[in-house]
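Next come the chains, spelled out residue by residue.
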Amino acid sequence: MSARVHEDRANLPARHEALCLAMGVAGMGVWRWEPSAERLYLSSEAGALLGVTGDSLTGDGLLGLVHPEDRDGIAHMLRAVQAGAETSESDFRTLQAGGAGRWLRICGRRGVGPGGGEELHGVLFDISRGKAADAATSRLAAILDVSDDAIIATTLDGIITDWNPGAEGLFGYLAGEMIGGSLAILLPPDHQQEAASFQERLRRGERIAHAETRRRRKDGAIIDVSLTMAPYGDGSGRLCGASIVVRDRTEARRSETELAEREAHLHAVLETVLDGMIVIDPQGVIRSFSMTAARLFGYEPQDVLGRNVSMLMPAPYRDEHDGYMTHYMTTGQRRVIGIGRLVVGRRKDGSTFPMELSVGEVRSGAHRFFTGFVRDLTERQQTQKRLQELQAELFHMSRFTALGEMASTLAHELNQPLSAVANYLNGGRRLLDGGQNESLPMVRDAMGRAMEQALRAGDIIRRLREFVSRGESARQLENLPRLIEEASGLALVGVKETGVHVSYALDPRAEYVFADKIQIQQVLLNLIRNALEAMQDCANRQLTLSTRQIDAQTAQISVADTGTGIADDIRAQLFRPFVTTKAHGMGVGLSISRTIVEAHNGRMWAEANPAGGTIFHLTLRTQEEDPDSAH
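Here the structure is a predicted model, which means the values were calculated and not measured.

Chemist: A description of helix 5 (residues 71-82) should follow, citing residues and the corresponding values.
Modeler: Relative to the 16 Å expected for 12 residues at 1.5 Å per residue, helix 5 spans 17 Å between its end C-alpha atoms, a close match to the ideal helical length. Every buried residue of helix 5 is accounted for by Ile74, Met77, Leu78 and Val81. The buried residues of helix 5 occupy an angular sector of 95° when the element is viewed end-on, so they sit on one face. Set apart from the buried face of helix 5 by more than 90 degrees, the exposed residues are Asp72 and His76. Downstream of helix 5 by a residue or two, Gly84 has a phi angle that is positive, lying close to 120°.

See below:
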């Protein structure tokens, strides 16, 4: 027996070498610890795992390769084996450059060394991949625990293998109630066919993303959910189950339904109101066009979406709109936005119509939009026109009444001086007929008294004229293009039906005038209506409104028509009262208009239009600076 033991000990180095080779092939290192020498002997694979060269280390040298947090574990393992433990093991992290961050596992037991003395020996191998997998598993478990979504794992037959807290909260079932059971318990009565289809697709290896469906809770409530399902395998390519993420869509679906209902309600309101709605972006591109707007302008929404809103404007506003937008975006100064104004719109057929425009600004995140509400003023202005006509008739009647009273008063006032003049003249004639020289002084006296009474009558007439012409006007700085725009918007009511083509040629320099807005608009209203009447029977009906800056203090407004024109002899006395070219009219409109213009320190005249018809001109005082600069 002792001979055999000696023979085995003699063969220990050879066996140890063979063991090291075999373990090295398996990726494991072999080590031996001799307590008497306090030295650790390493195979080449063990040295490579520890990141050292050589085949041995002292005890302190080994601990120097171990992460400080893991050294106590290695020392404890060695002491346990030394104290009689059959086997022991410990995991540790290396610190050497060759194995930085590497996780190793050391396993050992007691045995007999090559010299016959007691030793500790064992193996060393890399477990970094397993540790990483454990960490990933821990992270995944943490994600599953904190996720608000229900995360479920099943077999391909629908048997539940995992059920996270999110699933417990969503469906009301605890994990212990569900693991090992069938997923079919969550199906509403009419969803079995859908579930069978999902399982068949998973068996084919398909992924199902964001399927909108319904599921049943433990309390019987049916909820809207979104399902994402994906099959997984066992590492060998064989499918063995499916992971399912369930997201509650009940509140989201309710919100979507409410939002859709509100949008439908808003859409219905916008489609029934008389105002058209147009939404544009800062570049003036149309983003929304209501059906009411489509009816007003004659375009279908698809005809205008993506195009510049200036297509809905007549010249010159069409060319100026983008400049207005740029000016507002750069300076923030408003001309229409948040203010509203009367403007002229252009229909698809080229005709124009007066409209009231209100514009509001909307910010949506980083985007800006402008919403315009358009109201057609044609019918309103027709009603206003009729009311004005009725008021004019009433004024006409009241003027006749006033003229009658004035005539009665004038007759009473003039009767006495005129009667006295007649008496004095008649007496003087009789005296002259007598032929007596001594009567000449009496005749001279009678002539003098007659002259006094004649002057008195003239004074009465002069004071009456001053009373009639006396008036006050509230003049202030007005925007000339806007003044013309509003006046023409009222005057051009129904112009579409007359076939008149209206154009504007406004000088951008002539922007402000010092005027009584109401009085000047009345002058323009009178001129435009006269022009429309003058073109009634003409084939070519062109009305042009233009402005021109004459000098730093004067702007000129012109109203040109292609009507029948005015004869030279009539044009010379056109602005005198009771002179008219109309079949019906008193001929006082132009006289009053010129009086208003002259009261504004301007002048008014007419000339023949080279294209046929007449051009009326008037001038007003202007000012170069913008009134807004004072604010």
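Chemist: So what's going on with the pairing of strand 8 (residues 160-163)? Which residues, and what values?
Modeler: With 3 bridges joining them, strand 7 (residues 150-154) and strand 8 adopt antiparallel strand pairing. The residue bridging Thr154 from the neighbouring strand is Ile160, located in strand 8. Counting the residues in the hairpin turn of strand 7 and strand 8 gives 5 residues, including Gly158, whose phi is positive at 90°.

Chemist: Quick one: what's the story with the nonpolar core, residue by residue and with numbers?
Modeler: If you look at the biggest cluster of nonpolar residues, it comprises 63 residues, and the most contacted ones within it are Ile278, Phe289, Phe297 and Leu543. A total of 8 residues in this core trace back to one element, the largest contributor, which is helix 18 (residues 517-534). If sequence neighbours within four positions are ignored, Phe289 has contacts with Met277, Ile278, Ala294, Phe297, Tyr299, Pro301, Val304, Leu305 and Leu312. Listed in part, the 23 residues of the second largest apolar core include Ile152, Ile160, Tyr173 and Met229.

Chemist: With reference to specific residues and values, describe the pattern of salt bridges.
Modeler: A complete count under the given rule lists 23 salt bridges for this structure. Linking Glu200 and Arg204 is a salt bridge whose minimum nitrogen-to-oxygen distance equals 3.9 Å. Here Arg287 ties to Asp281 by a salt bridge, and the two come within 2.8 Å at their closest N and O atoms. For Asp281, a relative accessible area of 5% translates into the label buried. Within this structure, Asp157, Glu200, Arg201, Arg203, Arg204 and Glu206 form a network of salt bridges that share partners.

Chemist: An account of the sheet that holds strand 23 (residues 614-621) is requested, with residue identities and associated values reported.
Modeler: Pairing between the strands of a sheet is mediated by backbone hydrogen bonds and can be parallel or antiparallel. With mixed pairing, the 5 strands of this open sheet are ordered in space as 18-20-21-23-22. Lying at the two open borders of the sheet, with one neighbouring strand each, are strand 18 (501-505) and strand 22 (604-608). The sheet shows a mean angle of 20° between the axes of neighbouring strands, taken without regard to direction. Of the strand pairs in this sheet, strand 22 and strand 23 are connected by 5 bridges, and their pairing is antiparallel. Across the sheet, residue Glu607 finds its bridge partner in strand 23, namely Ile615. Across the face of the sheet, helix 18 comes into contact with strand 20 (542-551), strand 21 (554-560), strand 22 and strand 23 while running at roughly 175° to strand 23.

Chemist: Describe in detail the packing of aromatic side chains, supporting the description with residues and values.
Modeler: In this structure the tally under the stated criterion is 3 aromatic pairs. Consider the rings of Phe289 and Phe297, whose centres lie 6.4 Å apart with planes at 45°: the pair is tilted. Given the relative accessible area of 1%, Phe297 is considered buried. Ring geometry for Phe297 versus Phe353: centroids 5.5 Å apart, planes at 65°, classification edge-to-face. Of the two residues, Phe297 is situated in helix 11 (residues 291-297) and Phe353 in strand 15 (residues 352-364); the sequence distance between them amounts to 56 residues. The ring of Trp605 has Arg603 lying over it, and the distance from NZ or CZ to the ring centre is 3.8 Å.

Chemist: So, the sheet that holds strand 10 (residues 222-233): which residues are in play, and what are the values?
Modeler: Strand order in this open sheet of 5 strands is 8-7-11-10-9, and the pairing throughout is antiparallel. Strands with a single pairing partner mark the edges of an open sheet, and in this sheet they are strand 8 and strand 9 (208-216). Ignoring strand direction, the axes of neighbouring strands in this sheet form an average angle of 30°. Where strand 10 and strand 11 (residues 239-248) come together, 9 bridges link them in antiparallel fashion. Within strand 11, the position partnered with Thr228 by the bridge is Val245. In the packing of helix 9 (residues 192-203) onto the sheet, contacts are made with strand 9, strand 10 and strand 11, and the angle to strand 9 comes to roughly 150°.

Quick notes on the rules
- Here the residue index of a chain counts from 1 through its sequence in written order.
- It should be noted that, the model being predicted, local features are given only for residues of pLDDT at least 70 and side-chain atom pairs only at 80 or more, the latter also being counted only at that level, while totals for whole chains, interfaces and linings use all residues.
- In computing side-chain properties, one takes all heavy atoms of the structure into account and sets aside hydrogens as well as water.
- Helix and strand definitions follow DSSP, with helices as H or I runs of at least four residues and strands as E runs of at least two, each counted in order from the N terminus.
- Each residue after the first adds 1.5 Å to the expected span of a helix.
- Think of it in three bands: with a 1.4 Å probe and only protein chains considered, a residue is buried below 20% of the maximum accessible area for its type, exposed above 50%, and partly exposed in between.
- The arc under discussion is defined with respect to the helix axis, by the directions toward the C-beta atoms.
- For two strands to pair, DSSP has to find at least two bridges joining them.
- Among the buried residues, those of types Ala, Val, Leu, Ile, Met, Phe, Trp, Tyr and Cys that are joined through side-chain atoms within 4.5 Å form a nonpolar core.
- Between two residues, a contact is recorded if the distance between any of their heavy atoms is within 4.5 Å.
- For salt bridges, the criterion is a side-chain nitrogen of Lys or Arg within 4 Å of an Asp or Glu carboxyl oxygen.
- Note on geometry: axes are C-alpha line fits, over the in-contact stretch for helices, and angles between N-to-C directions span 0 to 180 degrees.
- Note on aromatic contacts: the rings of Phe and Tyr and the six-membered ring of Trp form a pair at centre separations within 6.5 Å, being stacked when their planes are under 30 degrees apart, edge-to-face when over 60 apart, and tilted otherwise.
- When the NZ atom of lysine or the CZ atom of arginine is within 6 Å of a ring's centre and also within 35 degrees of its normal, the charge is said to sit over that ring.

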